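Structure assessment
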Amino acid sequence: MPGARASYGPEACAQAANLTAGHHIPVYRSTLLLCQLAGVAVSTGWMAGIRGRAAGQVEASGFMDRVRDLLKTAPAVHADETPARVAGGTRYVHLACTRYLTCMHTGDRSADAIDAGAVLPGYQGVIVRDGYAGYGHLTDALHAWCGAHLLHDLKDLYDFEPGKQDWASQMAALLIEARDAASAARQAGQSALDPAVLDDLVTRYRELATARLAASLYRRTATAQDPSRIARR
């Protein structure tokens, strides 16, 4: 507390904020770690309040304004919203980030709450996200489906009908192969995939997608011609 005769110094406060905010360690465990590692015994109430103090100081410094400006110029930004306990209730933690930059804020799950982060409105790069419709108003950007969500959906589809949805397993394997190829290219200092590798990946992707669409159309046509199948479904 400023002006108090005795108070925890900036180093203790910084280490406490690092534990709770930087490493997302629960409050009580953070108090134990701070005591064990630094010999500083603090209360759980003090530890619980350190995140808000740190957030206020970071925001007031202008640091987050700079982070938002940099995110707006990034070629691609990952966006997500995750439920969390905030101020005694359930809210959503909204995220906009790249590999090196992260901006988070809390709110409900509305489009206005998404925009409140001051990163995505007007953004003209690629937003990598899940299928939540709340991002649909961000029409200045291109939208890409998050690979983790896509693999999860493909697995669910395959598990739902093993043996009948083999294309889903094949598509997941192809996407993982493409990810690994891109990673290897970056590690080799390349700014793009070899044209032959890219052409092969795109060709196989389109073949799988086309085959799946054709099979889906055939099944829908067959179902429409067989009322008994509709009744069973």
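Refer to the preceding data block for the structure.
Residues numbered from 1 in each chain as written. Predicted model: local features only at pLDDT ≥ 70, side-chain atom pairs only at ≥ 80, totals over all residues. Heavy atoms only, no water.

Things to note about the overall build of the protein
A tally of helices and strands in the protein yields nine helices and five strands. Counted from the first residue to the last, the protein has its helices and strands arranged as α-α-α-α-β-β-β-α-β-β-α-α-α-α. Within the span of the protein, comprising 233 residues, buried residues form 26% of the whole. Across the protein, contacts joining residues at least 24 apart in sequence account for 35% of those joining residues at least 6 apart. Accessible surface, the protein: about 15,300 Å² in total, of which carbon and sulfur atoms supply 58%. (Helix = DSSP H or I, 4+ residues; strand = E, 2+ residues; numbered from the N terminus. Buried < 20%, exposed > 50% of the residue type's maximum accessible area, 1.4 Å probe, protein only. Contact = heavy atoms within 4.5 Å. Areas by Shrake-Rupley, 256 points an atom, 1.4 Å probe, with all protein chains shown as cover.)

Notes on the layout of surface pockets
Taking a probe equal in size to a water molecule and rolling it over the atoms shows the remaining empty space. One number sums up the size of the largest pocket: a volume of about 1,000 Å³. What lines the largest pocket is a set of 29 residues, among which A21, H24, R51, A55 and M104 lie closest to the centre. For the lining of the largest pocket, the elements supplying multiple residues, two or more each, are α1 (10-22), α3 (44-60), α4 (63-73), β1 (76-86) and β3 (102-107). Looking at which element gives the most residues to the lining of the largest pocket, the answer is α3, with seven residues. Classifying every residue of the lining of the largest pocket by side-chain character gives 18 nonpolar, seven polar and four charged. Here the second largest pocket is characterised by a volume of approximately 710 Å³. Elements represented by at least two residues in the lining of the second largest pocket include exactly β5 (142-145), α6 (147-160), α7 (166-187) and α8 (195-224). The element that contributes the greatest number of residues to the lining of the second largest pocket is α7, accounting for seven residues. Taken together, the residues that form the lining of the second largest pocket break down as 15 nonpolar, one polar and two charged. (1 Å grid on protein atoms, 1.4 Å probe; cavity = no way out; pocket = protein on both sides within 12 Å on 5 of 7 lines; lining within 4 Å. Points joined across faces, edges and corners; volume = space filled by probe spheres on them. Nonpolar A, V, L, I, M, F, W, Y, C, P; charged D, E, K, R; others polar.)

Structural notes on α1
The periodicity of an α-helix, 3.6 residues per turn, causes residues three or four places apart in sequence to face the same way. When we look at burial in α1, the residues that qualify are A12, C13, A16, A17, L19 and T20. Projected down its long axis, α1 shows its buried positions confined to an angular sector of 160 degrees, all on one face. What points out from α1, more than 90 degrees from its buried face, is the exposed set P10 and E11. Buried residues belonging to α1 abut α2 (27-38) and α3. A positive phi of about 55 degrees marks H24, the residue just after α1. (Arc of directions from axis to C-beta.)

As for the nonpolar core
A general tendency of soluble globular proteins is for nonpolar side chains to be buried together. In this structure, L120 and I127 are the most contacted members of the largest nonpolar core, which totals 16 residues. Secondary-structure elements contributing two or more residues to this core are α4 and β1. For L120, the residues in contact, after removing those within four places along its chain, are V77, A79, I114, I127, Y135 and L138. Core analysis: the next-biggest nonpolar cluster, separate from the first, contains 11 residues, I25, L34, W46 and I50 among them. (Core = buried A, V, L, I, M, F, W, Y, C linked by side-chain atoms within 4.5 Å.)

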